[in-house]
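Here is how the chains run, residue by residue.
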Amino acid sequence: NAGVTQTPKFQVLKTGQSMTLQCAQDMNHEYMSWYRQDPGMGLRLIHYSVGAGITDQGEVPNGYNVSRSTTEDFPLRLLSAAPSQTSVYFCASSYFLAGGQETQYFGPGTRLLVL
Amino acid sequence: DAKTTQPPSMDCAEGRAANLPCNHSTISGNEYVYWYRQIHSQGPQYIIHGLKNNETNEMASLIITEDRKSSTLILPHATLRDTAVYYCIALGGGSQGNLIFGKGTKLSVKP
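Calculation rules
Residues numbered from 1 in each chain as written. Chains lettered and ligands numbered in written order. Predicted model: local features only at pLDDT ≥ 70, side-chain atom pairs only at ≥ 80, totals over all residues. Heavy atoms only, no water. Helix = DSSP H or I, 4+ residues; strand = E, 2+ residues; numbered from the N terminus. Rg over C-alpha atoms; globule rule 2.2 N^0.38 Å. Buried < 20%, exposed > 50% of the residue type's maximum accessible area, 1.4 Å probe, protein only. Contact = heavy atoms within 4.5 Å. Areas by Shrake-Rupley, 256 points an atom, 1.4 Å probe, with all protein chains shown as cover. Lys, Arg positive; Asp, Glu negative; His and termini not counted. Charge placed at Lys NZ, Arg CZ, Asp CG, Glu CD. Salt bridge = Lys/Arg side-chain N within 4 Å of Asp/Glu carboxyl O. Polar contact = N/O pair within 3.5 Å; in protein donor to acceptor, adjacent residues only side chain to side chain. Phe/Tyr/Trp six-rings, centres within 6.5 Å; stacked < 30°, edge-to-face > 60°.

Asks: Before we go on, may I ask you to explain the overall build of chain B in this structure?
Replies: Regarding its fold elements, chain B presents zero helices and nine strands. What you see for chain B is a C-alpha radius of gyration of 13 Å, in line with the 13 Å of a compact globule of 111 residues. Here the C-alpha coordinates of chain B stretch approximately 40 × 30 × 25 Å along the principal axes. The buried share of chain B, reckoned over its 111 residues, is 45%. Put simply, of all contacts in chain B between residues at least 6 apart along the chain, 56% involve residues at least 24 apart. As displayed, chain B offers around 5600 Å² of accessible surface, 50% of which is attributable to carbon and sulfur atoms. Taken as two groups, the 10 positive and 9 negative side-chain charges of chain B have centres that lie 6 Å from each other.

In structure tokens, the structure reads:
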């Protein structure tokens, strides 16, 4: 198992550019999510999905779009990058239980710098 | 999900037990206590979780008070590789698994 993989590892964008951060998992997990982490802060939830075709917003969704067409992949799209989106982005996945009690596996992160 | 409170930082000598406290005084009956840690620049890593009873695995032990208002994560023999930020999270039914991270406790293990 590769676990949760994220690409790219590092990206520099100019303000207004668009890009897609890729996340894939090979554990057949229903639940996937995206977090961002700013310096000295904990992780904040951007968007999440409880299965293919189902997505929902987290705490800080503005400026980001997601889709979930397959169980394995959960890409995060920045339509028009802003300097405020400079951050480290983590993807996570887990089995989904109604009670929410399932451990999550995190990817290695994508470091994004918007100039 | 209940809010948790942790000290911002702690030190521990290598080889000694590290005891990391967490306060969750508003925790509800169906909320579990989860611990994750984040070693510098890496993705968070699951450590342990529990509901009422004390739990132990190969990484750590979790002691939950009888009233469930606080808990302690114990790393029995801390090593330099245990230097990380440790997050205590209360998570229960209806949350759909969304973890809410605070600032955690920065544990520094010193030789």
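Asks: What am I meant to see in the interface of chain B and chain A here?
Replies: How big an interface is tends to be expressed through the accessible area that disappears when the partners come together. The interface is formed by 23 residues belonging to chain B together with 23 residues belonging to chain A. Connecting chain B to chain A are zero salt bridges. Along the contact surface separating chain B from chain A lie five residue pairs in polar contact (both at pLDDT 80 or more). Among the secondary structure elements, those contributing two or more residues to the side of chain B that touches chain A are strand S3 (31-38), strand S4 (45-50) and strand S8 (84-92) of chain B. At four residues, the largest contribution of residues to the side of chain B that touches chain A is made by S3 of chain B.

Asks: Before we go on, may I ask you to explain the packing of aromatic side chains in this structure?
Replies: Residues and elements named next belong to chain B. Across all of its chains, the model carries eleven aromatic pairs over all chains by this definition. Where Tyr 36 meets Phe 101, the ring centres are 6.3 Å apart and the plane angle is 65 degrees; that geometry is what we call edge-to-face. In this pair, Tyr 36 is assigned in strand S3 and Phe 101 in the loop between S8 and strand S9 (105-110), connecting sequence segments 65 residues apart. Each member of the pair, Tyr 36 together with Phe 101, is buried. On the numbers, 5.0 Å between centres and 90 degrees between planes, the contact of Tyr 87 with Phe 101 is edge-to-face. On the criterion of sequence distance, the pair formed by Tyr 87 in strand S8 and Phe 101 in the loop between S8 and S9 is long-range, its members being 14 residues apart.

Asks: I'm lost on unusual backbone geometry in this one. Help?
Replies: Note: most peptide bonds trans; most residues except glycine with negative phi. In this structure, Pro 8 of chain A follows Thr 7 of chain A across a cis peptide bond, with omega equal to -5 degrees. Assignment of secondary structure puts Pro 8 of chain A in the loop between strand S1 (4-7) and strand S2 (10-13). Positioned with a positive phi, Asn 28 of chain A is a non-glycine residue whose angle comes to about 60 degrees. For Asn 28 of chain A, the location among the structural elements is in the loop between strand S3 (19-25) and strand S4 (31-37). Residue Asn 28 of chain A is classed as exposed on the basis of its relative accessible area, which comes to 54%. In this structure, Arg 68 of chain B takes a positive phi of about 65 degrees despite not being glycine. The class of Arg 68 of chain B is buried, set by a relative accessible area of 9%.

Asks: Which parts of the structure should I look at to understand the environment of Ala 18 of chain B?
Replies: Residue and element names in this part refer to chain B. Tracing the backbone through its elements, the reader meets Ala 18 in strand S2 (residues 18-23). Overall, the relative accessible area of 3% leaves Ala 18 in the buried class. The sequence separation of Ala 18 and Leu 107 amounts to 89 residues, and the corresponding C-alpha distance is 8.5 Å. Contact partners of Ala 18, with chain neighbours within four places excluded, come to Cys 12, Leu 73, Ile 74, Leu 75, Ala 78 and Leu 107.

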